[in-house]
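Here is what each chain is made of, one letter per residue.
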Amino acid sequence: MKVCPTKAIRVKNRTVSYIAGDCIDCGECIRACPRGAVSAHTTENLKVEKTKTILSVSPVLYTQFGPGYAPHEIDAALKSMGYYDVYDQCEMQEMFNVAMELYINENRKNKDAPWPLISPVCPVVVRLIAYRFPSLLRNIPPIIPPRELVARESKKNAAQRYGIGEDDINVLHVTPCSAKMISIKDPLVVKHSSLYGAIGINKIYNDVMKHLRHVADIDKAPHSSGIGIGWCMSGGEIAGMEDGNFLAVSGMQETIQYLEKIEMGLLGEIDYVEFRTCAEGCIGGPLTVCDKYQAKHTIQRLVRLFGPERTVKCGYLKQLYKKGWYSSDREAGPPVRTQQVRSIADAIERQKEVEKIHKMLPGKECGVCGTPNCETFAEDVADGKATVEECVFIKCFKNNTEKKREGR
Amino acid sequence: MAELEKTYTVKPRDFIRAGEVSIQIQSLLKSMGVTPDIVRRASVCAYESEMNIVMYGGEGTFTLRVDQDMIMIRACDDGPGIDDIELAFQEGYSTATPEYREIGFGAGMGLPNIKKNSDEIQVESHKGEGTCLVIYIKIN
Ligand SMILES: Nc1ncnc2c1ncn2[C@@H]1O[C@H](COP(=O)(O)OP(=O)(O)O)[C@@H](O)[C@H]1O
Ligand SMILES: [Mg+2]
């Protein structure tokens, strides 16, 4: 309840409820509650026919089984589980790096974009901005994130290669992220997602373990992209970009602090900020199995093995970029998600009421009322969603004075 | 008419707490449902004037007033005052020390940015007595 960055959780009568429209699916509550009072919405309940399903794998999966297994061995394990095909996202992440460089250069020249630009990759960050920092939506470039590009292209390839319809094939994202499902149902960075669903790494882990076999000595493993693997940790996305002024920030509170700064007009000298609301980046995702520092160790080993150099060809990518291959159909950026619920005049009255109630409260921030803190409780009371007596301190005080009056 | 007024204090040369008042103003305006672009403009103005008090001013008093049509931010301090107001508003003009420049301040864009992001400003400053900057931003 207290970890929720948008204060969307209430606990009343021993049950957890969410204020619809305030939840940004960040997964902080999933991480905080080990007993599973909350769980992520993923595709578990969806019926998927494995033979008609392509898996698009977040490289975070490659960090979950220690440095002894190469990415292609993990892909092979997934395939032997009966899926139609498996796609590694690493190369697409490099391609995305190139597109973003082109976008930055173009906009630096014609001075169009507001600075700094903000990475469209983390879906929680995009949601956080849409709900709490809507003035920064225009800082998010209309470039399609790698997971969507992979889904779009892998469907196209499969259709071409096997002569089936694109609609006959589904792409599932294997992910460490609790926000992927919502970002598929309601994608803010594109109008419609090319993904069919998402499946948590923690849901597929045991099965992969069962199918995992060594194919070759790890040192002789086929080349995957070191840059792509590095993307899983904070700083990995910008590490794949060449000359520019970049910044990487990870963690929910840190992200909020930096967004506040950018909204106040700071950091304008920076070109691009990579935000990840999970600490240490995607390896810190709530649906991972392996501890994030252990995973980081594995990444560093794999990056050394595959090398930090770019493996994609820029000339060709430049052509694709010019053709709009990367361009989102939301040209003006993601849509605003804050609702104007009351007029300014009403807001002023409400604010005064909130402050009056807040002053009556003990300020112990105990949370017994089922609200994350005293200020939020005061807001709920002002909005008629709670009564002051739900505060134990006020109730006690009231009972005591009544008892005194009765002469006991 | 409905009106909300809040006051805050700003300590000169306190770089640890510098910017906190602006963040409070930013989140208050946001929670009141003020439109995003107005929140952004008001936060830019609040931040730049708060930092000027921290860097150049004296004991500061910050006032935020919101009514149906207007946000007003008044940033007053009892510091040394501004010598030449017209000059201070020129882009790039700054009396920042080398130390301030070292940590990224002193671009001389603070006052010009306040002007750009507000609808009206009034400045009153007397040498040795202090500075008062009043910023108005229309809500609708
Ligand atoms: N509250 C103040 N008290 C005294 N001088 C001030 C105050 N605010 C601004 N100034 C003067 O105006 C100049 C320009 O301010 P500004 O445009 O914010 O640029 P900067 O902060 O980068 O110096 C400052 O360098 C300073 O000399
Ligand atoms: Mg300044």
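Draft legend 1. Region of interest: the domain arrangement of chain A. One can read the domain layout of chain A as domain 1 (50-106 + 140-237 + 281-322) and domain 2 (340-408). Placing a centre on the C-alpha atoms of domain 1 of chain A and another on those of domain 2 of chain A gives a separation of 48 Å.

Draft legend 2. Geometry of helix H10 (residues 252-263) of chain A. All names here are of chain A. Taking 1.5 Å as the rise per residue, H10 with 12 residues should run 16 Å; its terminal C-alpha atoms sit 17 Å apart, in good agreement. If you check which residues of H10 are buried, you get Met252, Thr255, Ile256, Leu259, Glu260, Ile262 and Glu263. All buried residues of H10 project into a common sector of 165° when viewed along the axis, lining one side. One or two residues past the end of H10 sits Gly265, with phi positive at roughly 90°.

Draft legend 3. Highlighting the sheet that holds strand S3 (residues 53-57) of chain A. Residue and element names in this part refer to chain A. Here four strands make up an open sheet; going across it, the order is S4-S3-S6-S7 and the pairing parallel. This sheet does not close on itself; its edge strands, each paired only once, are strand S4 (85-88) and strand S7 (197-200). Adjacent strand axes in the sheet meet at a mean angle of 30° when their direction is disregarded. The pairing of S3 with strand S6 (residues 170-175) spans five bridges and is classified as parallel. What sits directly across from Leu55, in S6, is Leu172. On the sheet, helix H2 (residues 71-80) packs against S3 and S4 and is oriented at approximately 155° with respect to S4.

Draft legend 4. The arrangement of the packing of aromatic side chains in detail. Tallied over the entire structure, the rule returns nine aromatic pairs over all chains. Ring centres of Phe96 of chain A and Trp231 of chain A lie 5.7 Å apart, and the angle between their planes is 80°; on these two criteria the pair is classed as edge-to-face. Here Phe96 of chain A is found in helix H3 (residues 90-110), whereas its partner Trp231 of chain A is found in the loop between helix H8 (226-230) and helix H9 (236-239), with 135 residues between them in sequence. Aromatic ring contacts, followed pair by pair, group Phe15, Tyr56, Tyr100 and Phe105 of chain B into a single cluster. One Lys or Arg, Arg152 of chain A, reaches over the ring of Trp325 of chain A and ends 5.0 Å from the middle of that ring. Sitting above the plane of the Tyr258 of chain A ring, Lys261 of chain A keeps its charged end 4.6 Å from the centroid.

Draft legend 5. Quick look at empty space enclosed by the protein. All names here are of chain A. Tallied over the entire structure, the rule returns four cavities of 30 Å³ or more. In this structure, the largest cavity encloses a volume near 310 Å³. Classifying every residue of the lining of the largest cavity by side-chain character gives 16 nonpolar, eight polar and three charged. Surrounding the second largest cavity, 15 residues form its lining, Cys366, Gly367, Cys369, Cys374 and Cys391 being those nearest its centre. Listing elements by their share of the lining of the second largest cavity, those giving two or more residues are helix H14 (374-382) and helix H15 (392-405). Looking at the lining of the second largest cavity residue by residue, the classes come out as 10 nonpolar, two polar and three charged.

Parameters and conventions
- Residues numbered from 1 in each chain as written.
- Chains lettered and ligands numbered in written order.
- Predicted model: local features only at pLDDT ≥ 70, side-chain atom pairs only at ≥ 80, totals over all residues.
- Heavy atoms only, no water.
- Domains from an automatic or database assignment.
- Helix = DSSP H or I, 4+ residues; strand = E, 2+ residues; numbered from the N terminus.
- Expected span 1.5 Å × (residues − 1).
- Buried < 20%, exposed > 50% of the residue type's maximum accessible area, 1.4 Å probe, protein only.
- Arc of directions from axis to C-beta.
- Pairing = 2+ DSSP bridges.
- Axes fitted to C-alpha atoms, helices over the stretch in contact; angles between N-to-C directions.
- Contact = heavy atoms within 4.5 Å.
- Phe/Tyr/Trp six-rings, centres within 6.5 Å; stacked < 30°, edge-to-face > 60°.
- Lys NZ or Arg CZ within 6 Å of the ring centre and 35° of its normal.
- 1 Å grid on protein atoms, 1.4 Å probe; cavity = no way out; pocket = protein on both sides within 12 Å on 5 of 7 lines; lining within 4 Å.
- Points joined across faces, edges and corners; volume = space filled by probe spheres on them.
- Nonpolar A, V, L, I, M, F, W, Y, C, P; charged D, E, K, R; others polar.

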